[in-house]
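Read off the chains here:
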Amino acid sequence: HRIDCAFSSTHFGRRFSIPLLTWIPDFQHLHLQEMFPLPEAQWRSREYSEIANHADRVILSSRSAVRDFERFAPHAARKARRLPFVAQIPAGTYAQDPAWICDRYYLPRRFVYLPNQFWKHKNHKTVVEALAYAVKRRPDVGIVCTGSTYDHRDPLYFARLLESVSVSGVRDNLILLGFVPHTHVFLLMRQSLAVLQPSLFEGWSTTVEEAKSLGKRMILSDIAVHREQDPPQALFFDPYEPRALADHLVTVFDETRPGPDQELEGRARKQLPGRTLEFGQTFMDIVEEVAAT
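Residues numbered from 1 in each chain as written. Predicted model: local features only at pLDDT ≥ 70, side-chain atom pairs only at ≥ 80, totals over all residues. Heavy atoms only, no water.

A.B. asks: Just checking my understanding: could you explain the pattern of salt bridges for this structure?
C.D. replies: For the coordinates displayed, the defined rule picks out 19 salt bridges. For the salt bridge of R63 with E228, the shortest nitrogen-to-oxygen distance reads 3.6 Å. One end of the pair, R63, is in helix α3 (residues 63-72); the other, E228, is in helix α9 (residues 224-229), and 165 residues separate them in sequence. Each of R57, R81 and E289 takes part in one network of salt bridges that share partners. (Salt bridge = Lys/Arg side-chain N within 4 Å of Asp/Glu carboxyl O. Helix = DSSP H or I, 4+ residues; strand = E, 2+ residues; numbered from the N terminus.)

A.B. asks: Would you explain the sheet that holds strand β3 (residues 80-82) in this entry?
C.D. replies: Two orientations exist for strands paired in a sheet by backbone hydrogen bonds: parallel and antiparallel. The strand order β1-β2-β3 describes an open sheet built from three strands, whose pairing is parallel. Two strands lie at the open edges of the sheet, namely β1 (21-23) and β3, each paired on one side alone. In this sheet, neighbouring strand axes are inclined to one another by 30 degrees on average, regardless of whether the strands run parallel or antiparallel. Here β1 runs beside strand β2 (residues 57-60); their pairing, made up of three bridges, is parallel. Paired with T22 across the bridge in β2 is V58. (Pairing = 2+ DSSP bridges. Axes fitted to C-alpha atoms, helices over the stretch in contact; angles between N-to-C directions.)

A.B. asks: What exactly am I supposed to notice about the pairing of strand β7 (residues 194-197) here?
C.D. replies: Successive side chains on a regular strand alternate, one facing one side of the sheet and the next facing the other. Alternating positions in β7 separate into two faces, A194 and L196 on one and V195 and Q197 on the other, with burial throughout. Summarising the sheet, strand β4 (residues 112-115) and β7 pair through two bridges and their orientation is parallel. Counterpart to V112 in the pairing with β7 is A194. Where β7 lies against strand β8 (residues 218-221), three bridges are found, and the strand directions are parallel. The residue bridging L196 from the neighbouring strand is I219, located in β8. What joins β7 to β8 is helix α8 (residues 206-214), and the crossover it makes is right-handed. (Buried < 20%, exposed > 50% of the residue type's maximum accessible area, 1.4 Å probe, protein only. Right-handed = clockwise from strand over helix to strand, strands pointing away.)

A.B. asks: Looking at this structure, how should I read the pairing of β4?
C.D. replies: Side chains V112 and L114 project from β4 onto one buried face, and the interleaved Y113 and P115 project onto a second face that is buried too. When β4 meets strand β5 (residues 143-146), the two strands line up parallel, connected through four bridges. When the sheet's bridge partners are listed, P115 is paired in β5 with T146. The parallel pair β4 and β5, bridged by helix α5 (residues 124-137), forms a crossover whose chirality is right-handed.

A.B. asks: Is there a simple way to explain helix α6 (residues 157-168) in this structure?
C.D. replies: Since the α-helix advances by 3.6 residues per turn, residues separated by three or four positions end up pointing in the same direction. Taking 1.5 Å of rise per residue, the twelve residues of α6 would be expected to cover 16 Å, and the 16 Å separating its terminal C-alpha atoms lies within 8% of that figure. All of the buried residues in α6 are Y157, F158, L161 and V165. Considered in projection along α6, the buried side chains sweep an arc of 90 degrees and stay on one side of the axis. In α6, the exposed residues that point more than 90 degrees away from the buried face are E163 and V167. Contacts from the buried residues of α6 go to α5 and β6 (174-176). Just downstream of α6 lies G169, where phi reads positive at about 75 degrees. (Expected span 1.5 Å × (residues − 1). Arc of directions from axis to C-beta. Contact = heavy atoms within 4.5 Å.)

A.B. asks: Can you walk me through the sheet that holds strand β9 (residues 235-237) in this structure?
C.D. replies: The strand order across the open sheet formed by six strands is β6-β5-β4-β7-β8-β9, and the pairing between neighbours is parallel. The open sheet is flanked by β6 and β9, the only strands paired with a single partner. The sheet shows a mean angle of 25 degrees between the axes of neighbouring strands, taken without regard to direction. On top of the sheet, helix α7 (residues 182-191) reaches β4, β5 and β7; it is set at about 150 degrees to β4, its chief contact. Across the sheet, α8 is in contact with β4, β7 and β8; its angle to β7 comes to roughly 160 degrees.

A.B. asks: In this structure, what is going on with the environment of Y157? I would like to understand it.
C.D. replies: Topologically, Y157 is positioned in helix α6. Accessibility expressed as a relative area gives 10% for Y157, which makes it buried. Sequence separation of Y157 and E241 is 84 residues, and the distance between their C-alpha atoms is 20 Å. If sequence neighbours within four positions are ignored, Y157 has contacts with F118, W119, K120, H124 and K125.

A.B. asks: What is the right way to look at the packing of α5 against helix α10 (residues 242-255) in this model?
C.D. replies: When two helices pack together, their arrangement is given by the angle between the helix axes and the distance between those axes. Interhelical geometry of α5 versus α10 gives an angle of 55 degrees and a closest axis separation of 8 Å. Between α5 and α10, the angle is such that the two are oblique. As α5 runs across α10, the sense of the crossing is right-handed. Each of T126, V127, E129, A130, Y133, A134 and R137 in α5 lies in contact with α10, whose residues at this interface are P242, R243, L245, A246, D247, L249 and V250. When its residues are assigned to classes, the contact of α5 with α10 shows nine nonpolar, one polar and four charged. (Parallel < 35°, antiparallel > 145°, perpendicular 65-115°, else oblique. Left-handed = near helix turned anticlockwise from the far one by under 90°. Nonpolar A, V, L, I, M, F, W, Y, C, P; charged D, E, K, R; others polar.)

Below, the structure written as structure tokens:
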């Protein structure tokens with residue numbers, strides 16, 4: 001099979017003689033237009049149009065992304081293939097008691113963990129509002145956050161978020177650690193009461209996938225992709241309703257012990273090899289399909 005096109009995109013600016021598989025992460029810029037400067041939104045659409053026109057197959061992680069692609073480029077809908085990735089757990093993650101991570105970062109033993117970048121669509125704003133409601137019922141409710149504090153679409157976003165934290169009176173309940181080693185992310189997940197993912201939009205959430213592979217209960221915004229990922233025993237809430245999230249935070253603090261959930265971990269560890277094999281087989285099927293055309 002031969003592709004012999006001179007692409008205009010900077011990423012496809014040379015001539016190819018091999019089949020081309022390309023991944024599109026999501027179409028967030030079409031769903032949350034208010035969060036993107038017009039030049040960036042236009043750039044994304046141009047890039048995705050190039051992909052739709054010239055790729056042999058387009059890999060998308062979720063059914064939602066496939067549907068978005070079919071609407072965005074109906075002439076190329078036949079090229080779409082769904083390939084949800086499966087997060088892998090580092091060797092040794094289960095070999096130690098994760099409680100030591102609390103001493104490493106001076107954390108309370110009981111907390112909900114939110115491992116998201118501080119980007120607008122990740123919806124930390126609703127988390128702050130939810131905390132303000134939750135602490136009135138349980139003053140010890142606390143959330144630990146990790147991730148980059150810079151959003152290139154809105155460089156002042158994090159500063160405004162910090163202001164809202166102070167105004168809401170939850171400075172003692174929201175702990176911001178910034179970047180931490182990836183191995184520590186899994187230890188924080190294991191030690192937490194639950195992992196929180198409040199995002200407004202995802203193509204396929206890495207946070208959800210990691211917690212699912214690890215074996216940790218989650219509190220999730222009720223969006224289509226999170227339903228599709230379907231981690232066990234998850235609690236869902238409307239991402240625009242902070243009171244609903246506050247209810248789940250209080251429930252988790254009332255009912256859950258910190259540290260590993262042996263039942264969920266055991267099930268996740270048992271299922272991970274099969275899930276990984278399924279991912280690899282699906283990828284190879286796509287490759288073989290393209291090679292045979």
